[in-house]
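# Coordinate inspection notes
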Amino acid sequence: MKTTRRGFMKAAGAIGLFSIVPRNVLGGNGIIPPSDQLTKGIIGVGGMGRGHYDYAGTRLVAVCDVDAKHLSDGVAAAKDKIKGFTDFRELIALPEVDIVHIATPPHWHGLMAVEAAKSGKDIWCEKPMTRTIGEGKRVMEAVKQYGNMFRLNTWFRFADTFYGMGTTVEPIKKLVDSGLLGWPLTVTIGKHTGFDWKFYWVGNTGLPVMPVPAELNYDMWLGPAPFKPYSAHRVHQTFRGYWDYDAGGLGDMGQHYIDPVQYFLGKDNTSPVKVEIDAPQQHPDAVGTWRKITYTYEDGCKIILDGAGTITDVPYIAGPKGNLYPGFRSDIPDLQRKLAAFPDPIKQNTDFVESVRTREKFALNEINGFRSATIVNMGAIALQLHRDLQFDPVTLRFIGDEDANKLIDQPMRGPWTI
Amino acid sequence: MKYLCLLLVALFCYTGSHAQTDPNRTVKTKVADLLAQLPAQDATSYNKVMSELLSTGEEGLLQIMALYKEPQQGDNTLIEYAVTGMSRYVKDEQQRKQFVYALLKAFRQTSSKEGQFYLITTLRLVGDEECVKPLIPCLQDERLADVTARTFVTINTNNARAAILDAMKTATGNPLLSVVKAAGDMKISAAETKLLEYVAQNENPVLKQAASDALAQLGTIASLKVLQKEAAAEKYVYDNQWTATEPYLLLLNRLVKEGNKDAVKQAASLNKSCNADNQIHVKSATLRMLVEQKGEAGMALLVKALKSKSRNYRMAALDEANVSFGDKAEALLLTQLNKANDPAKVDLLSYFGTRKDEKAVSQIIPLAQSANKEVAAAAIKALGLIGGADACKALATQFASEDDVILKATEAAFRSFKGNIGETLLAGMDNYSPKGANIAIALLGDRATVAAGEKVFSLLESSDAAKSAAAFDALKGVSQQKDLAKLFPLLNKQTDATRVSAVRNAILTGMATMDKQAKETLLMNEIKNAPAARKTDYYFLLGEVGSTNAQILDELFTLLKSGNDADKKNAVSILKVRTDHSAVISRSLTVANEQKELKALLLPVITTHLSAGTIDAEVAHGYIRRAFELADDNAVKNQLLTLSSNVKSLPSLLFTAQYLDNKDLQQTACVTVMNIALANPKFNSKEVVAALNKVLEVIEGGDSRYFKEAIRKHLSTLAPVEPFKLSAEEQKEGFKVLFDGTNMDSWTGNTAGYICEDGAIVCHPGAGGGGNLYTKEEYGNFNYRFEFMLTPGANNGLGIRTPLEGDAAYVGMELQILDNESPIYATLQPYQYHGSVYGIIPSKRGFLKPVGEWNTQEVIANGNHITVILNGTVIVDGDIAKATKNGTPDHREHPGLFNKKGHIAFLGHGSLVKFKNIRVKSLK
């Protein structure tokens, strides 16, 4: 029986040698010896993946890519000697991999996350969490079943200055929770509140058919996506422009921008009940632009995505008792002092290495990550059908629109299954 | 829209030799018209076009699909917009059926494989039973099997299921894989036997896996036995490339849910035997299956799980308790808390905290005193999450501890503790350890517990340095208006920088509820009592409350110029907080220019204020330019170029574009040029296009690929300027165009301050260094025609027969350009108004259009005879020799008045004025 290093760490968690007390409580210089580090394998090292080689407390041991050149570059770029694979299942199966990091285009995320869950590994997944709502449900099920730790790689709900606000999301959460703005709230995400929807991720129609480059395994690149003749614009840096793999700027930035809003509105366990769109007709294959998407929750809270950048002079958060503008400015006089009397937001688990040790859910996990991905995916479905939709946050189905429900579970290309 | 043209040509060619009266022609025309409107730009037009397309019925659809080409041979974009659009729009059952039959007919008629693929994809969304029979053969087709199988999965009628079952007997290769998968997705139980055959073979592992996965969905106990064998051989680990464990577990889960006794037995046995560290997830999975199947009785299993050595397993069990049993599990698990060993205690505490279980509080409280630090910390965390008065009191007692782990956990718990913690914290203060007390004081300050004011003030003079430091720090939280009387003297007494800062903040809090005027008055009063060393603190406070007092500004600059290092630093930080941005910037620029050694201190002040962003664009650009001239190091220059991004004017863009070749400033310049250009589609001049193309060449960095896309798209949408063209008559007469709206090629001089913008020459006061704009050529006798637009109070001038240097009014001749009606010009001399030969010949007044509108003007200079025609009226018609017979009317020397020739110029740089459509004809 192979005894993994990780297994040793887990068993030792009982007593003695290796304490479960978080590093930051123990103090010390924060440097973790290699033998205590968790290990990871990254799937997809053409772009994003390669930016993730370093994460405090983890050590890279393997990478995987379906493009032979990306793979060799990826192996070469590592500080230490690492293994390279072309089949992600081999990486997942490696006993010496503790964490599987999924950095492929979104159409693979769900399937790979479930595979990693089945293998008992912990999972780090790029955003958007899944391309469809159905895949997201399946990831939640699998992670629950097998008890893995799952984190989604968008972090604004707990770290970094949040776009035009000049602060982290924490004071925004504190402000919303204090009730000083009132309820319900309307949040506008667009150019004039500091957010760029990156419309340059649009796809091209009438793609010329090209020969598949020798270094690319196109069949594996596609995986569960429908087979369509190869064209360079479909893959690598520009896959975001195609519905089969992603959802354009909405898919690229959606979770970064929307997840913190879901967090501070306290809506991590529900979804909007309505999505309304204003956009040109979308092509079935190539993602286009859109002007506005409005999400409304049961209690009247709204999230407005201003793609056209025409909503000027609007607060980032508008409430019946007060407003918050970019730069954390407000029309509530003496706001900082008033806020001081309120509690800080509950500290979230923001160190994945800690989550892996304590088995407490990471701040952004498969459940709240599913919810913010669902907001993105609801929008994508509404755009493709070119109409407004109503959604049931409990059954996770659209109401009175079977066409929309057909886009929740989109059967995968055989033999791939999730 | 080149594909549109080809398509339409194709459509019309299709009519071939049909007669004019052919009824099909109407449909063809209709279809062509409708396709021309795609993609629809909004919902209204989408609904209209789709509805009309659908109404063209089968005929229309067949015509559209007849044009579908293999992707190598043509562009199907419009077809796809139309057909997919219709499929998503189609409304009632009758319309749907009609549309689907039309799609099926098109399917039969199309020879393009990709076209067939496309149609089947479309059918998945709209099709139903009627699609099944026609598509059955596709289940054997290499290219089409997959999409057909997926379509059948969606349709899922009995015939669809039968077709899949059938195809399993005859399909091979990839089509077989698709069919097998479909059988699983549709849960076709009759497929079990065949699937088991595929699982039994080992030659084709892909098929074996696909069949296993399908059995997981539809299998019975028969499959369970087979899969169990395979999974056991793998030791229930995801070890090989193809795994049987997952399908086995999925099937097991299904059958356990159904209550199958064999399945339940297997699950229990697996749960017992999977203990290796790479099997824990299997142990967890089986636990969850069993627990959910047993309902409430399953809770006992969860309790047992708590005895496991594996944290993963224990936490999985607790998650199951949380998710499946809610409140019911809480009571049971509470009975386990004291019995559990330490690691399990930690997990249980996490559970109770997550559930915010108030009933657990009394049992958790003693655990906060546990000798095991992990347990104690976990208990403290749980109490913080659960909240409530008892938890609050218990947490407060933790401040008696000296242990850092305990204190840190307690502090964290209090920070997010809901409700009023101040009273409780205050009440226990005497029992706290020194370290604990200091943390408690900090919390009282941070939570603005004004009730703690007295205590905090009493601790300021404590002999314990850490305690008094904590007290000072907390002042800003606990101070109220009534404390101000104490705070000002307190400030005046302080010498230590940290304490000074603390009391200042306290004063700000104390004044918070006063209005701005009252704050300023109070501070101006109190400053009189301040010792010299503390005066700047009052300046700081005044700045913080938004005072724009000019005297104080003077004092600050005096300090800056003649104070010591500390004074200078203070002055700078206070200058930064003031809100009179423009005043501070322009003063700073002046002083920095006069005393270059102060540059380094003042540039940060300038950039801080420029970031405030409330300054007029023209003015801001001027400031940025002047600051740039002062800056020595690239860091500041880059900062200024970044700030230019907010000044979205053309001068700002062109100024920045100068640095696109400077390696140290290039990248910032790229982003700024891009931001300004993309925000202003009206900036379409040659210079702007050149700048954007330069950016495309040199921009680098993570987002550069997508920035380049953005710029390319922007460039393709720029409306080219319509160049001004001479009328036929002017062309015949021999006029030459000097400015046609697109370039400044005929001009020289201050081309930084006079720029080509939106088809005009615009004089931007804030741009460039100053000076006139001159024609490159010289003219003697001429007819000069142009248009101009003024802004309120505008003052410019038309220089003629002037050299390239000097004041054209005297070294040549100036024809005044002026906003006559502005009140600031009410008392000028007659020869100073618009159109006058300045100082020589007065003009007629009253013929200018209102400010903001374009005026036309013609100037004829023929020897000594000068004529000016404004908006069709002659306003000057005189002879400069005659006019100066008895000396110049303005009693000034005009040495250049009788020049035979010279340049034509626009003079001065103080006002925003626009010129366009400039042409000249030389006279003999």
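Residues numbered from 1 in each chain as written. Chains lettered and ligands numbered in written order. Predicted model: local features only at pLDDT ≥ 70, side-chain atom pairs only at ≥ 80, totals over all residues. Heavy atoms only, no water.

## Notes on the sheet that holds strand β1 (residues 38-43) of chain A
All names here are of chain A. Inclusion rule: In short, DSSP must find at least two bridges between two strands for them to pair. Runs of H or I in DSSP of at least four residues are treated as helices and runs of E of at least two as strands, each being numbered from the N terminus. Helix axes use the C-alpha atoms of the stretch in contact, all axes being lines fitted to C-alpha atoms, and the angles between their N-to-C directions lie in the range 0 to 180 degrees. Residue contacts are counted whenever heavy atoms from the two residues lie within 4.5 Å of one another.
Across the sheet, 6 strands lie side by side as β3-β2-β1-β4-β5-β6; this open sheet has parallel pairing. At either end of the open sheet lies a strand with only one pairing partner, and these are β3 (83-85) and β6 (150-152). Averaged over all neighbouring strand pairs, the angle between strand axes comes to 25 degrees, with direction disregarded. As judged from the 4 bridges shared by strand β4 (residues 99-102) and strand β5 (residues 122-125), these two strands associate in the parallel manner. In the sheet register, V100 faces β5, and the bridge partner there is I123. Each of β2 (58-64) and β3 touches helix α3 (residues 68-77); the most contacted strand, β2, lies at about 160 degrees to it.

## What to know about the pairing of strand β12 (residues 903-906) of chain B
All names here are of chain B. Here is the rule we go by: Residue exposure (1.4 Å probe, protein chains only): buried if accessible area is under 20% of the type maximum, exposed if over 50%, otherwise partly exposed.
The two faces of β12 match: H903 and A905 on one face and I904 and F906 on the other face are all buried. In this sheet, β12 lies alongside strand β7 (residues 795-802) in antiparallel orientation, the contact comprising 3 bridges. The residue bridging T802 from the neighbouring strand is H903, located in β12.

## Re the environment of A66(B)
Residue and element names in this part refer to chain B. As for its placement among the helices and strands, A66 is situated in helix α4 (residues 57-66). A66 sits in the exposed class, given a relative accessible area of 54%. Taking the C-alpha atoms as reference points, A66 and A216, separated by 150 residues in sequence, lie 43 Å from one another.

## What about the sheet that holds β7(B)?
Residues and elements named next belong to chain B. Strand order across the open sheet formed by 5 strands is β2-β5-β12-β7-β8, with antiparallel pairing between neighbours. Each of the sheet's edge strands pairs with one partner strand only, and the pair in question is β2 (747-749) and β8 (813-818). With direction set aside, neighbouring strand axes in the sheet form an average angle of 25 degrees. Relative to β12, strand β5 (residues 773-775) runs antiparallel, the two sharing 2 bridges. Looking across to β12, one finds that L773 is bridged to F906.

## Let's talk about the domain arrangement of chain A
Residues and elements named next belong to chain A. Note the cut-off: Boundaries between domains were set according to an automatic or database domain assignment. Here's the idea: put two parts together, see how much 1.4 Å probe accessible area each one loses, and the total over both is what we call buried area. For this document, the term salt bridge refers to a Lys or Arg side-chain nitrogen within 4 Å of an Asp or Glu carboxyl oxygen. Under the scheme applied, nonpolar residues are Ala, Val, Leu, Ile, Met, Phe, Trp, Tyr, Cys and Pro; charged residues are Asp, Glu, Lys and Arg; polar residues are all the others, including Gly.
Domain boundaries in chain A define domain 1 (5-152) and domain 2 (163-202 + 242-353 + 363-406). One C-alpha centre belongs to domain 1, the other to domain 2; they are set 28 Å apart. Across the boundary between the two partners, domain 1 contributes 27 residues, which contact 26 residues of domain 2. Both sides of the domain 1 and domain 2 interface together cover about 2200 Å² of buried area, and 65% of this is carbon and sulfur. Contact with domain 2 buries surface across domain 1, with K127, I133 and M140 losing the most and accounting together for 28% of the total. The interface formed by domain 1 and domain 2 includes 1 salt bridge. Of all the secondary-structure elements, those providing two or more residues to the side of domain 1 that touches domain 2 are β5, α6 (133-146) and β6. Looking at the side of domain 1 that touches domain 2, the element that brings in the most residues is α6, giving 5 residues. Per-class residue counts for the side of domain 1 that touches domain 2 are 15 nonpolar, 6 polar and 6 charged.

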